[in-house]
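# Coordinate inspection notes
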Amino acid sequence: MQWVEDVDAVRRLVAETRAQQHTLGLVPTMGALHRGHVALLHALRPEVDRLVLSIFVNPTQFGPREDFAQYPRALASDRAWAEAAHVDAVFCPATSVMYPIPPSTFVQVEGIDQVLEGAVRPTHFRGVATVVSKLLNLWTPDVIALGQKDAQQVVVVRRMLQELLWPTRLVVVPTVREPDGLALSSRNVYLSPAERQAAVVLHRSLDAALQAVRRGERDGARVAAELAAAIQAEPLAQLDYAVVVDAATLAPVTRLAGRVLVAVAARFGTTRLLDNCCLAVDEDDVRTVLA
Ligand code: AMP
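Values in this document were obtained by computation on a predicted structure and should not be read as measured data.

## Points about the pattern of salt bridges
- For the coordinates displayed, the defined rule picks out 14 salt bridges.
- Among the ionic pairs, Glu16 bridges to Arg50, the shortest N-O distance being 3.3 Å. Here Arg50 lies in strand β3 (residues 50-55) and Glu16 lies in helix α1 (residues 7-19), a separation of 34 residues in the sequence.
- Arg222 serves as the salt-bridge partner of Glu217, at 3.1 Å between the closest nitrogen and oxygen.

As structure tokens, then:
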């Protein structure tokens, strides 16, 4: 497994890959890897000749009062996870490699970047779209994998790929969970034992919403109210949002039909966690699908 830190090494590796007519897959992460990230690696491993994992805690996707400085870093265990998943190369650039001068060029997917997560974190998706663009420019991957857990990120990146005419394919991987349903997240390490127990309410609220839709509920506001009520019943949870939106436009839906995203966010102490599920709904059927 190669460890790559600078642009020249990336370009050499990409040239070599292309000369051999090999395909290349990229899994972008911020490190502190867990089984959720590994699922993305496993999803791409059989699809490509060369599998690249990027680890970069991207400053431009953090707001001024967010946890950039404290974000967990765990390069030794990340390396072990990567080896075990048969990654060919780990790209672990310094901030000065990705941002050689103070940035004035950004990629912004307007509109859908200002709702849900974007309403609380207005520059977050601009940072995500910008860093993913840089990774695409450097690695020219045939395919990238993103997790369902960050469904809005999937929607934003998919729109960016389409609008900027990137030929790169996007694979979405189901959310990996703890046995009690909590979605794995690098930020779960911040939770106290009591908050960790309380955090399972996110998954429970999605389950309650899914059951309501299975019983025939099609009113978006009522499903959203059910989600919110489930989260507000947990004293350690502070609800940020509980919404039912169109899976492509992220606009609220009044009547559930077609593909909808059911998404929740809440704070447990100082830790903000997300969860979601995507549903394909028609009059008498509902299926869970990927974003
Ligand atoms: P991060 O390092 O948190 O930026 O995440 C990198 C990628 O891993 C993103 O595409 C996430 O959606 C994905 N990811 C994070 N947690 C999970 C999970 N529990 N299940 C599936 N994918 C995940």
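Don't stop here, the text continues.
## Considerations on the domain arrangement of the protein
- Along its sequence, the protein is carved into domain 1 (2-173) and domain 2 (186-284).
- When each unit is reduced to the centre of its C-alpha atoms, the spacing between domain 1 and domain 2 is 26 Å.
- Contacts between domain 1 and domain 2 engage 22 residues on the former and 20 residues on the latter.
- Carbon and sulfur atoms supply 54% of the area buried between domain 1 and domain 2, which totals about 1,600 Å² over both sides.
- Remark: the boundary between domain 1 and domain 2 carries two salt bridges.
- The partner of Arg187 in a salt bridge is Asp67, and the shortest N-O contact between them spans 2.9 Å.
- At the boundary of domain 1 and domain 2, one finds nine residue pairs in polar contact (both at pLDDT 80 or more).
- Looking at the side of domain 1 that touches domain 2, the elements with two or more residues in it are α5 (117-120) and α7 (151-163).

## Overview of the packing of aromatic side chains
- Per the stated rule, a full pass over the model turns up four aromatic pairs.
- Between Phe62 and Phe68 the ring centres are 5.3 Å apart and the planes differ by 65°, which places this aromatic pair in the edge-to-face class.
- Accessibility expressed as a relative area gives 7% for Phe62, which makes it buried.
- According to the relative accessible area criterion, Phe68 is partly exposed, its value standing at 27%.
- A ring pair is formed by Phe91 and Trp139, whose centres lie 5.6 Å apart and whose planes are at 70°; its orientation type is edge-to-face. Of the two residues, Phe91 sits in strand β4 (residues 89-91) while Trp139 sits in helix α6 (residues 124-139), which places them 48 residues apart along the sequence. One exposure class covers both Phe91 and Trp139, and it is buried.
- Three or more aromatic residues joined by ring pairs form one cluster here, namely Phe62, Phe68 and Tyr71.

## Considerations on the site of the ligand
- In the region of the ligand, 17 residues are neighbours, and Met30, Gly147, Asp150, Val176 and Leu184 sit closest.
- The separation between an oxygen atom of the ligand and a polar main-chain atom of Gly147 is 2.9 Å.
- Between the ligand and Val176 there is a distance of 2.8 Å, counted from a nitrogen atom to a backbone nitrogen or oxygen.
- The protein chains hide 94% of the 480 Å² of surface that the ligand would expose on its own.
- Put simply, the parts of the chain that give the shell around the ligand at least two residues each are β2 (24-29), α2 (35-44) and β5 (143-147).
- For the shell around the ligand, the residue count by class is eight nonpolar, seven polar and two charged.

## Quick notes on α7
- Here α7 spans 18 Å end to end across 13 residues, near enough to the 18 Å set by a 1.5 Å rise per residue.
- Where α7 is buried, its residues touch α5, α6, β5, β6 (169-173), β8 (258-268) and β9 (271-282).
- Leu165 occupies a position one or two residues after α7 and carries a positive phi of about 60°.

## Some points on α1
- Look at α1: 18 Å from first C-alpha to last across 13 residues, which is about the 18 Å you get at 1.5 Å a residue.
- Regarding α1, the residues found buried are Ala9, Val10, Leu13, Val14 and Thr17. Down the axis of α1, the buried side of the element spans an arc of 130°, and every buried residue falls inside it. Opposite the packed face of α1, turned more than 90 degrees from it, sit the exposed residues Asp8, Arg12 and Ala19.
- Taking the backbone nitrogen of Asp8 as reference, a side-chain oxygen 3.2 Å away marks Asp6 as the first, capping residue of α1.

What counts and what doesn't
Residues numbered from 1 in each chain as written. Predicted model: local features only at pLDDT ≥ 70, side-chain atom pairs only at ≥ 80, totals over all residues. Heavy atoms only, no water. Salt bridge = Lys/Arg side-chain N within 4 Å of Asp/Glu carboxyl O. Helix = DSSP H or I, 4+ residues; strand = E, 2+ residues; numbered from the N terminus. Domains from an automatic or database assignment. Contact = heavy atoms within 4.5 Å. Buried area = accessible area lost by both parts, 1.4 Å probe. Polar contact = N/O pair within 3.5 Å; in protein donor to acceptor, adjacent residues only side chain to side chain. Phe/Tyr/Trp six-rings, centres within 6.5 Å; stacked < 30°, edge-to-face > 60°. Buried < 20%, exposed > 50% of the residue type's maximum accessible area, 1.4 Å probe, protein only. Near = heavy atom within 4 Å. Areas by Shrake-Rupley, 256 points an atom, 1.4 Å probe, with all protein chains shown as cover. Nonpolar A, V, L, I, M, F, W, Y, C, P; charged D, E, K, R; others polar. Expected span 1.5 Å × (residues − 1). Arc of directions from axis to C-beta.

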